[in-house]
Amino acid sequence: MTKKYLPDNLDEWDICEPNGEYDMRDDIFDYKNQKEFDALGYDQRRNNIMNHFFQEGVTKVRSFTEYRTHTGRTLAKRLNDEQPELIIDAGCGFNYFGTNVKNCIGIDFVDYKPTHDLRGPDIIMDVTKANTVFAPNCADYIICVGPFNFGPESHLLPLLESFKYLLKPTGRIVGHLRPGQIDDPIKSLYRGYYHMPWTLDLAGELFTENGFNIEWIGEEATDLTWLPDTRLQEHLAAWEQVNVSVSGPPSSAAIDKNLNTKTLERHDIIANIKNEIHRRHQDPLYDSNRPNYIRSRIAIELTLKKKKN
Ligand SMILES: C[S@@+](CC[C@H](N)C(=O)[O-])C[C@H]1O[C@@H](n2cnc3c(N)ncnc32)[C@H](O)[C@@H]1O
């Protein structure tokens, strides 16, 4: 995480910042205007998110969880070393953690079928209803790699309430936030759900105002050197379907000054993936100065604020 993986000089970066993984799937909604979209209530937004993730193309990207530098396989190792009594992965997707971490239960409201040796969710349900299944204060850890990204704030509050119910007083949430992108409001109209335009400032406000301490926040990336050949090719194919270029928000700098903040801004994802392929083939086109990472997310760790007596 403290490795510096992008050049300082902006001119050396190729200008290509695709909108994100969501472009590679069909956009199945088409709200006519922002007003119509804004009027959606929690249930409709949730159903739209479920329909979005239920699409077939989702298998291409969601199984990349394990290659993330903070919330990926390093987290699996950390949790297996610590051996907590109960870990709940909220929005587990194909259930990388449930498959690889002891005492971890994956919940998702989409019934993903097993793929890439991942077993799919253990419980199919909306995490906000977890009190119907779990005892209060039962979880040492909640993994939340995804659900924080779906807003607006009113949509997130039931999720935060559910996490307060589930966590032991000493418990911890480890999750990620997707940095906001310039054209998110327009894209929401045909995505059918609202992407939170996360920045460090917004995270600072929203979590602390709703009962959580931010214990750690910083940059995370996807480490291309960890991807097997086939997955690297899949990743390349997926990103090559994306052809729109915009930059990420400059306000998403990492708090930890040792981290290179620029990973959360723009850089050439496709060229970095191709470079990693060149490295594996010992191709003279390999450029050792190019990063072996691609921009990913803001990682965050939260604990419960102590209740006042
Ligand atoms: C971006 S995906 C990430 C999946 C997985 N954590 C990973 O990294 O591969 C977000 C997931 O959260 C699920 N999700 C979002 N909100 C949820 C909720 N309230 N209850 C259950 N699942 C939820 C979605 O269905 C989707 O599978």
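Residues numbered from 1 in each chain as written. Predicted model: local features only at pLDDT ≥ 70, side-chain atom pairs only at ≥ 80, totals over all residues.

Draft legend 1. Representation of the overall build of the chain within the structure. Along the chain, the regular secondary structure elements total 10 helices and nine strands. Relative to its full complement of 309 residues, the chain shows a buried share of 41%. Here the contacts in the chain between residues at least 6 apart in sequence split such that 74% fall between residues at least 24 apart. (Helix = DSSP H or I, 4+ residues; strand = E, 2+ residues; numbered from the N terminus. Buried ≥ 20, exposed ≤ 12 C-beta atoms within 10 Å, placed from the backbone. Contact = placed C-beta atoms within 7 Å.)

Draft legend 2. Region of interest: the site of the ligand. For the ligand, the set of nearby residues contains 19 residues, the closest of which are Thr65, Gly91, Gly93, Val127 and Gly146. Mapped by element, the contributors of at least two residues to the shell around the ligand are α2 (42–53) and β2 (104–108). Along the lines of polarity and charge, the residues of the shell around the ligand split into 11 nonpolar, five polar and three charged. (Near = placed C-beta within 6 Å. Nonpolar A, V, L, I, M, F, W, Y, C, P; charged D, E, K, R; others polar.)

Draft legend 3. Looking closely at helix α6 (residues 153–166). With 14 residues, α6 ought to run about 20 Å at 1.5 Å a step, and its terminal C-alpha atoms sit 20 Å apart, in line with that. Among all positions in α6, only His155, Leu160, Ser162, Phe163 and Leu166 are buried. For α6, the angular spread of the buried residues around the axis is 160 degrees, confining them to a single face. For α6, the secondary structure elements touched by its buried residues are α2, β1 (87–90), β4 (139–145), β5 (150–151) and β6 (167–177). (Expected span 1.5 Å × (residues − 1). Arc of directions from axis to C-beta.)

Draft legend 4. Quick look at the environment of Ile87. On the secondary structure map, Ile87 appears in strand β1. Residue classification places Ile87 among the buried residues on the basis of 25 C-beta atoms within 10 Å. Put simply, Ile87 and Asn103 are 16 residues apart on the chain and 6.1 Å apart in space, counted from C-alpha to C-alpha. Those residues within four positions of Ile87 in sequence are excluded, and the remaining contacts are Leu79, Val101, Asn103, Cys104, Ala139, Asp140, Tyr141 and Ile143.

Draft legend 5. Focus on the sheet that holds strand β3 (residues 123–124). An order of β3-β2-β1-β4-β6-β9-β8 is seen for the seven strands of this open sheet, with the pairing classed as mixed. What marks the edges here is a single partner per strand, and that holds for β3 and β8 (212–223). Direction of pairing for β6 relative to strand β9 (residues 293–304): antiparallel, over a ladder of six bridges. Within β9, the residue paired with Ile173 across the bridge is Leu302. Packing of helix α8 (residues 200–209) onto the sheet brings it into contact with β6, β8 and β9, and relative to β8 it is tilted by some 145 degrees. (Pairing = 2+ DSSP bridges. Axes fitted to C-alpha atoms, helices over the stretch in contact; angles between N-to-C directions.)

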